[in-house]
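# Per-entry structural report
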Amino acid sequence: MYQAGETITHKVETKMTENPLPGKRKSQLVDRNVRETVGQAKVPNFRMRCENVNVYYQFGEKKAINNVTLDIGRNEVIAMIGPSGCGKSTFIRCLNRMNDTIEGCRVEGTILLDDTDIYDKKIDVVPLRARIGMVFQKPNPFPKSIYDNIAYGPKIHGLVQNRQETDELVEQSLKRAGLWNEVKDRLTQPGTGLSGGQQQRLCIARTIAVNPEVILMDEPCSALDPIATAVIEDLIDELRKEYSIAIVTHSMQQASRVSQRTAFFHMGDLIEIGPTDQIFLSPLHQLTNDYITGRFG
Ligand SMILES: Nc1ncnc2c1ncn2[C@@H]1O[C@H](COP(=O)(O)OP(=O)(O)OP(=O)(O)O)[C@@H](O)[C@H]1O
Ligand SMILES: [Mg+2]
(Lines give C-alpha, C1' and ligand atoms only; values in the text may rest on other atoms or scores of the structure.)
(Ligands and ions follow the chains in the order given, each with its own letter.)
Protein backbone atom coordinates (compact mmCIF):
# COMPACT_ATOMS: atom_id res chain seq x y z
CA MET A 1 0.00 0.00 0.00
CA TYR A 2 1.20 3.48 -0.76
CA GLN A 3 2.47 5.45 2.21
CA ALA A 4 1.61 9.15 2.13
CA GLY A 5 4.75 11.24 1.99
CA GLU A 6 6.95 8.26 1.11
CA THR A 7 7.93 9.54 -2.28
CA ILE A 8 7.79 13.26 -1.71
CA THR A 9 11.10 15.01 -2.04
CA HIS A 10 12.39 16.76 1.03
CA LYS A 11 12.09 20.11 -0.68
CA VAL A 12 8.41 19.56 -1.26
CA GLU A 13 7.76 18.04 2.15
CA THR A 14 8.83 21.18 3.93
CA LYS A 15 6.28 23.18 1.96
CA MET A 16 3.26 21.04 2.82
CA THR A 17 0.21 22.99 3.86
CA GLU A 18 -0.04 23.31 7.62
CA ASN A 19 -3.48 23.19 9.08
CA PRO A 20 -3.81 26.42 11.11
CA LEU A 21 -6.43 24.97 13.42
CA PRO A 22 -4.83 23.10 16.33
CA GLY A 23 -6.31 19.72 17.14
CA LYS A 24 -7.64 19.23 13.60
CA ARG A 25 -6.15 16.70 11.15
CA LYS A 26 -3.27 18.22 9.20
CA SER A 27 -3.89 18.60 5.51
CA GLN A 28 -1.55 16.31 3.59
CA LEU A 29 -1.93 18.17 0.31
CA VAL A 30 1.08 19.92 -1.16
CA ASP A 31 0.49 23.64 -1.68
CA ARG A 32 -0.71 24.86 -5.09
CA ASN A 33 2.39 27.03 -5.50
CA VAL A 34 4.81 24.12 -5.31
CA ARG A 35 6.00 23.28 -8.82
CA GLU A 36 8.47 20.47 -8.08
CA THR A 37 7.18 17.04 -9.05
CA VAL A 38 5.55 15.11 -6.24
CA GLY A 39 5.76 11.31 -6.41
CA GLN A 40 8.10 8.72 -7.80
CA ALA A 41 9.15 9.86 -11.26
CA LYS A 42 11.74 7.11 -11.65
CA VAL A 43 11.15 3.36 -11.70
CA PRO A 44 13.81 0.68 -11.22
CA ASN A 45 13.26 -1.13 -14.51
CA PHE A 46 12.62 1.67 -16.97
CA ARG A 47 12.13 1.36 -20.72
CA MET A 48 12.42 5.11 -21.30
CA ARG A 49 13.96 7.67 -18.99
CA CYS A 50 13.42 11.43 -19.39
CA GLU A 51 15.60 13.71 -17.31
CA ASN A 52 15.31 17.47 -16.99
CA VAL A 53 13.40 17.85 -20.23
CA ASN A 54 12.63 21.40 -21.36
CA VAL A 55 10.79 22.22 -24.57
CA TYR A 56 10.65 25.61 -26.26
CA TYR A 57 8.58 26.79 -29.22
CA GLN A 58 9.02 29.78 -31.50
CA PHE A 59 12.83 29.60 -31.44
CA GLY A 60 13.00 29.83 -27.67
CA GLU A 61 10.39 32.51 -27.14
CA LYS A 62 7.86 30.21 -25.57
CA LYS A 63 8.58 27.49 -23.03
CA ALA A 64 6.07 24.63 -23.07
CA ILE A 65 7.72 21.98 -20.87
CA ASN A 66 9.64 22.82 -17.75
CA ASN A 67 12.32 20.51 -16.40
CA VAL A 68 10.35 17.28 -16.53
CA THR A 69 11.88 14.06 -15.23
CA LEU A 70 9.82 10.93 -15.81
CA ASP A 71 10.38 7.22 -16.50
CA ILE A 72 8.21 4.93 -18.54
CA GLY A 73 8.37 1.43 -17.11
CA ARG A 74 8.45 -1.87 -18.94
CA ASN A 75 5.05 -3.42 -19.62
CA GLU A 76 3.44 -0.36 -18.15
CA VAL A 77 0.68 1.89 -19.41
CA ILE A 78 1.35 5.41 -18.17
CA ALA A 79 -1.46 7.94 -18.57
CA MET A 80 -0.74 11.64 -19.04
CA ILE A 81 -3.49 13.97 -17.91
CA GLY A 82 -3.93 17.69 -17.31
CA PRO A 83 -5.81 20.73 -18.57
CA SER A 84 -5.74 21.75 -22.22
CA GLY A 85 -2.47 23.46 -23.13
CA CYS A 86 -0.49 22.02 -20.18
CA GLY A 87 1.99 20.32 -22.52
CA LYS A 88 0.87 16.68 -22.74
CA SER A 89 1.20 16.47 -26.53
CA THR A 90 4.44 18.43 -26.48
CA PHE A 91 5.92 16.04 -23.93
CA ILE A 92 4.78 12.83 -25.59
CA ARG A 93 6.15 14.08 -28.92
CA CYS A 94 9.59 14.40 -27.30
CA LEU A 95 9.61 10.65 -26.76
CA ASN A 96 9.99 9.76 -30.44
CA ARG A 97 11.42 13.05 -31.65
CA MET A 98 8.24 14.15 -33.38
CA ASN A 99 8.95 17.68 -32.16
CA ASP A 100 11.89 17.68 -34.60
CA THR A 101 9.31 18.17 -37.34
CA ILE A 102 8.04 21.44 -35.81
CA GLU A 103 10.01 24.45 -36.93
CA GLY A 104 11.32 26.56 -34.07
CA CYS A 105 10.83 23.80 -31.50
CA ARG A 106 13.81 22.88 -29.29
CA VAL A 107 14.07 20.01 -26.84
CA GLU A 108 16.65 20.04 -24.04
CA GLY A 109 17.52 17.34 -21.52
CA THR A 110 18.17 13.63 -21.76
CA ILE A 111 15.78 11.01 -23.08
CA LEU A 112 16.90 7.40 -23.04
CA LEU A 113 15.41 4.32 -24.65
CA ASP A 114 17.03 1.63 -22.52
CA ASP A 115 20.59 2.98 -22.52
CA THR A 116 20.43 4.83 -25.86
CA ASP A 117 20.19 8.61 -25.88
CA ILE A 118 17.52 9.13 -28.55
CA TYR A 119 18.71 12.71 -29.18
CA ASP A 120 22.25 11.56 -29.93
CA LYS A 121 23.48 13.00 -33.25
CA LYS A 122 24.15 9.49 -34.55
CA ILE A 123 20.51 8.40 -34.17
CA ASP A 124 18.51 7.95 -37.37
CA VAL A 125 14.94 9.02 -36.55
CA VAL A 126 13.26 6.72 -39.10
CA PRO A 127 14.13 3.41 -37.35
CA LEU A 128 13.78 5.21 -34.01
CA ARG A 129 10.14 6.01 -34.79
CA ALA A 130 9.57 2.34 -35.64
CA ARG A 131 10.95 1.38 -32.21
CA ILE A 132 8.83 4.09 -30.57
CA GLY A 133 5.60 4.12 -32.54
CA MET A 134 2.89 6.74 -32.32
CA VAL A 135 -0.88 6.70 -32.67
CA PHE A 136 -2.53 10.08 -33.12
CA GLN A 137 -5.82 11.60 -32.01
CA LYS A 138 -7.21 11.52 -35.53
CA PRO A 139 -6.69 8.18 -37.28
CA ASN A 140 -4.38 8.82 -40.23
CA PRO A 141 -4.31 5.75 -42.50
CA PHE A 142 -2.13 6.08 -45.59
CA PRO A 143 -4.08 6.59 -48.83
CA LYS A 144 -3.45 2.95 -49.64
CA SER A 145 -5.21 -0.37 -49.26
CA ILE A 146 -5.81 -1.90 -45.85
CA TYR A 147 -3.14 -4.49 -46.71
CA ASP A 148 -0.57 -1.92 -47.79
CA ASN A 149 -1.19 0.24 -44.73
CA ILE A 150 0.22 -2.64 -42.67
CA ALA A 151 2.77 -3.97 -45.18
CA TYR A 152 4.47 -0.65 -45.94
CA GLY A 153 6.42 -0.26 -42.66
CA PRO A 154 7.74 -3.84 -42.43
CA LYS A 155 8.84 -3.59 -46.09
CA ILE A 156 10.81 -0.36 -45.71
CA HIS A 157 12.38 -1.58 -42.48
CA GLY A 158 13.36 -4.89 -44.10
CA LEU A 159 11.33 -7.01 -41.68
CA VAL A 160 9.79 -9.15 -44.42
CA GLN A 161 11.53 -10.82 -47.37
CA ASN A 162 8.71 -12.12 -49.54
CA ARG A 163 4.99 -12.08 -50.15
CA GLN A 164 4.26 -15.00 -47.83
CA GLU A 165 6.03 -13.37 -44.90
CA THR A 166 4.24 -10.11 -45.62
CA ASP A 167 0.85 -11.84 -45.77
CA GLU A 168 1.54 -13.50 -42.44
CA LEU A 169 2.62 -10.28 -40.76
CA VAL A 170 -0.39 -8.37 -42.11
CA GLU A 171 -2.75 -11.04 -40.80
CA GLN A 172 -1.01 -11.30 -37.44
CA SER A 173 -0.94 -7.52 -36.92
CA LEU A 174 -4.61 -7.11 -37.83
CA LYS A 175 -5.52 -9.99 -35.51
CA ARG A 176 -3.60 -8.47 -32.62
CA ALA A 177 -5.31 -5.14 -33.22
CA GLY A 178 -8.70 -6.90 -33.14
CA LEU A 179 -9.53 -5.91 -36.72
CA TRP A 180 -8.88 -9.04 -38.78
CA ASN A 181 -12.41 -10.46 -38.78
CA GLU A 182 -13.85 -7.14 -39.90
CA VAL A 183 -11.45 -6.61 -42.81
CA LYS A 184 -10.13 -9.99 -43.94
CA ASP A 185 -12.43 -10.05 -46.96
CA ARG A 186 -11.58 -6.54 -48.11
CA LEU A 187 -7.84 -6.17 -47.66
CA THR A 188 -7.43 -4.53 -51.06
CA GLN A 189 -9.92 -1.76 -50.30
CA PRO A 190 -8.69 1.65 -49.12
CA GLY A 191 -7.93 2.07 -45.40
CA THR A 192 -9.68 5.41 -45.49
CA GLY A 193 -12.99 3.62 -46.22
CA LEU A 194 -13.13 2.12 -42.74
CA SER A 195 -15.09 3.57 -39.79
CA GLY A 196 -13.25 5.84 -37.34
CA GLY A 197 -12.79 3.08 -34.77
CA GLN A 198 -11.63 0.65 -37.43
CA GLN A 199 -9.19 3.23 -38.84
CA GLN A 200 -7.76 3.74 -35.36
CA ARG A 201 -7.28 -0.02 -34.97
CA LEU A 202 -5.71 -0.09 -38.45
CA CYS A 203 -3.24 2.58 -37.29
CA ILE A 204 -2.49 0.54 -34.18
CA ALA A 205 -1.99 -2.57 -36.34
CA ARG A 206 0.36 -0.54 -38.55
CA THR A 207 2.30 0.59 -35.49
CA ILE A 208 2.71 -2.90 -34.03
CA ALA A 209 3.60 -4.45 -37.43
CA VAL A 210 7.09 -2.96 -37.20
CA ASN A 211 7.65 -4.54 -33.80
CA PRO A 212 8.04 -1.43 -31.63
CA GLU A 213 9.23 -1.32 -28.04
CA VAL A 214 7.14 1.65 -26.97
CA ILE A 215 3.79 2.93 -28.25
CA LEU A 216 2.80 6.56 -27.75
CA MET A 217 -0.87 7.45 -28.03
CA ASP A 218 -2.14 11.02 -28.02
CA GLU A 219 -5.86 10.94 -27.22
CA PRO A 220 -6.42 7.86 -29.40
CA CYS A 221 -10.10 7.50 -28.50
CA SER A 222 -11.28 11.09 -28.55
CA ALA A 223 -13.09 10.66 -31.88
CA LEU A 224 -14.58 7.26 -31.04
CA ASP A 225 -17.87 6.09 -29.59
CA PRO A 226 -17.95 4.13 -26.29
CA ILE A 227 -17.97 0.75 -28.04
CA ALA A 228 -14.97 1.51 -30.26
CA THR A 229 -13.26 3.05 -27.22
CA ALA A 230 -13.80 -0.12 -25.19
CA VAL A 231 -12.25 -2.18 -28.00
CA ILE A 232 -9.16 0.06 -28.06
CA GLU A 233 -8.87 0.03 -24.26
CA ASP A 234 -8.96 -3.79 -24.20
CA LEU A 235 -6.31 -3.76 -26.89
CA ILE A 236 -4.10 -1.39 -24.89
CA ASP A 237 -4.31 -3.73 -21.91
CA GLU A 238 -3.38 -6.67 -24.14
CA LEU A 239 -0.49 -4.79 -25.78
CA ARG A 240 0.99 -3.96 -22.38
CA LYS A 241 2.22 -7.56 -22.11
CA GLU A 242 4.77 -6.77 -24.79
CA TYR A 243 5.15 -3.02 -24.97
CA SER A 244 5.42 0.07 -22.84
CA ILE A 245 2.61 2.48 -23.59
CA ALA A 246 2.22 6.19 -22.88
CA ILE A 247 -1.29 7.53 -23.44
CA VAL A 248 -2.53 11.10 -23.28
CA THR A 249 -6.18 11.29 -22.33
CA HIS A 250 -8.76 13.82 -21.25
CA SER A 251 -10.85 11.05 -19.78
CA MET A 252 -10.06 10.28 -16.17
CA GLN A 253 -12.21 7.17 -16.44
CA GLN A 254 -10.04 6.01 -19.31
CA ALA A 255 -6.85 6.74 -17.39
CA SER A 256 -8.18 4.70 -14.44
CA ARG A 257 -9.25 1.84 -16.66
CA VAL A 258 -6.08 1.40 -18.71
CA SER A 259 -3.08 2.75 -16.82
CA GLN A 260 -0.93 1.63 -13.93
CA ARG A 261 0.67 5.03 -13.33
CA THR A 262 -0.67 8.50 -14.03
CA ALA A 263 1.25 11.73 -14.60
CA PHE A 264 -0.54 15.03 -13.99
CA PHE A 265 0.78 18.03 -15.92
CA HIS A 266 -0.07 21.66 -15.29
CA MET A 267 1.29 24.64 -17.25
CA GLY A 268 4.35 22.77 -18.49
CA ASP A 269 5.26 21.24 -15.14
CA LEU A 270 4.90 17.62 -14.13
CA ILE A 271 3.06 18.24 -10.88
CA GLU A 272 2.42 14.72 -9.67
CA ILE A 273 3.19 11.17 -10.73
CA GLY A 274 2.05 8.04 -8.98
CA PRO A 275 0.10 4.80 -9.11
CA THR A 276 -3.16 5.53 -10.95
CA ASP A 277 -5.39 4.50 -8.02
CA GLN A 278 -3.53 6.78 -5.69
CA ILE A 279 -3.65 9.75 -8.10
CA PHE A 280 -7.42 9.46 -8.41
CA LEU A 281 -8.30 8.39 -4.88
CA SER A 282 -5.79 10.25 -2.74
CA PRO A 283 -3.65 12.68 -4.70
CA LEU A 284 -0.85 14.38 -2.83
CA HIS A 285 -0.83 17.76 -4.57
CA GLN A 286 -3.57 20.34 -4.25
CA LEU A 287 -3.53 20.99 -8.02
CA THR A 288 -4.05 17.29 -8.81
CA ASN A 289 -6.91 17.26 -6.37
CA ASP A 290 -8.41 20.38 -7.98
CA TYR A 291 -8.16 18.80 -11.43
CA ILE A 292 -9.63 15.40 -10.60
CA THR A 293 -12.50 16.98 -8.69
CA GLY A 294 -13.29 19.17 -11.70
CA ARG A 295 -12.27 22.49 -10.25
CA PHE A 296 -10.48 23.44 -13.45
CA GLY A 297 -9.64 22.08 -16.86
N1 LIG B 1 3.73 24.38 -32.75
C2 LIG B 1 3.60 25.19 -31.69
N3 LIG B 1 4.08 26.45 -31.72
C4 LIG B 1 3.95 27.26 -30.65
N5 LIG B 1 3.38 26.90 -29.49
C6 LIG B 1 2.88 25.65 -29.41
C7 LIG B 1 2.96 24.72 -30.51
N8 LIG B 1 2.38 23.58 -30.12
C9 LIG B 1 1.95 23.76 -28.87
N10 LIG B 1 2.25 25.01 -28.42
C11 LIG B 1 1.96 25.58 -27.09
O12 LIG B 1 2.58 24.77 -26.10
C13 LIG B 1 1.71 24.61 -24.98
C14 LIG B 1 1.43 23.14 -24.77
O15 LIG B 1 0.67 22.67 -25.87
P16 LIG B 1 0.26 21.14 -26.04
O17 LIG B 1 -0.37 21.00 -27.37
O18 LIG B 1 1.42 20.30 -25.73
O19 LIG B 1 -0.84 20.99 -24.87
P20 LIG B 1 -1.79 19.77 -24.53
O21 LIG B 1 -1.66 19.51 -23.08
O22 LIG B 1 -1.55 18.63 -25.46
O23 LIG B 1 -3.24 20.40 -24.80
P24 LIG B 1 -4.59 19.69 -25.35
O25 LIG B 1 -5.14 18.93 -24.18
O26 LIG B 1 -5.46 20.85 -25.71
O27 LIG B 1 -4.24 18.82 -26.51
C28 LIG B 1 0.47 25.44 -25.27
O29 LIG B 1 0.63 26.69 -24.68
C30 LIG B 1 0.47 25.56 -26.79
O31 LIG B 1 -0.15 26.74 -27.20
MG1 LIG C 1 -2.68 17.68 -26.94
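Residues numbered from 1 in each chain as written. Chains lettered and ligands numbered in written order. Predicted model: local features only at pLDDT ≥ 70, side-chain atom pairs only at ≥ 80, totals over all residues.

## So, the sheet that holds strand 3 (residues 62-73)
Taken in spatial order, the four strands line up as 3-2-5-6 in an open sheet, and their pairing is antiparallel. Since the sheet does not close on itself, it has two edges, and those belong to strand 3 and strand 6 (116-117), each with one partner. The pairing of strand 2 (residues 46-57) with strand 3 spans eight bridges and is classified as antiparallel. If you follow R49 over to strand 3, its bridge partner there is D71. (Pairing = 2+ DSSP bridges. Helix = DSSP H or I, 4+ residues; strand = E, 2+ residues; numbered from the N terminus.)

## A closer look at the site of ligand 1
The local shell around ligand 1 holds 13 residues, among which Y57, A64, S84, S89 and T90 are the closest. Broken down by secondary-structure element, the contributors of at least two residues to the shell around ligand 1 are strand 3 and helix 2 (88-94). Among the elements that line the shell around ligand 1, the one with the most residues is helix 2, at three residues. Looking at side-chain class alone, the shell around ligand 1 contains four nonpolar, seven polar and two charged residues. (Near = placed C-beta within 6 Å. Nonpolar A, V, L, I, M, F, W, Y, C, P; charged D, E, K, R; others polar.)

## Here we look at the environment of T207
Structurally, T207 is set in helix 7 (residues 196-209). Looking at T207, the number of C-beta atoms within 10 Å reads 25, which means it is buried. Along the primary structure T207 and V38 are separated by 169 residues, whereas in three dimensions their C-alpha atoms are 33 Å apart. For T207, the residues in contact, after removing those within four places along its chain, are G133, V135, P212 and I215. (Buried ≥ 20, exposed ≤ 12 C-beta atoms within 10 Å, placed from the backbone. Contact = placed C-beta atoms within 7 Å.)

## A short note on the sheet that holds strand 9 (residues 244-248)
Here seven strands make up an open sheet; going across it, the order is 1-11-10-4-9-8-7 and the pairing mixed. Here the strands that pair on one side only, and so sit at the sheet edges, are strand 1 (38-39) and strand 7 (132-135). Direction of pairing for strand 7 relative to strand 8 (residues 214-218): parallel, over a ladder of four bridges. Residue pairing across strands places V135 opposite M217, the latter belonging to strand 8.

On their own, these measurements won't tell you what the molecule is for.
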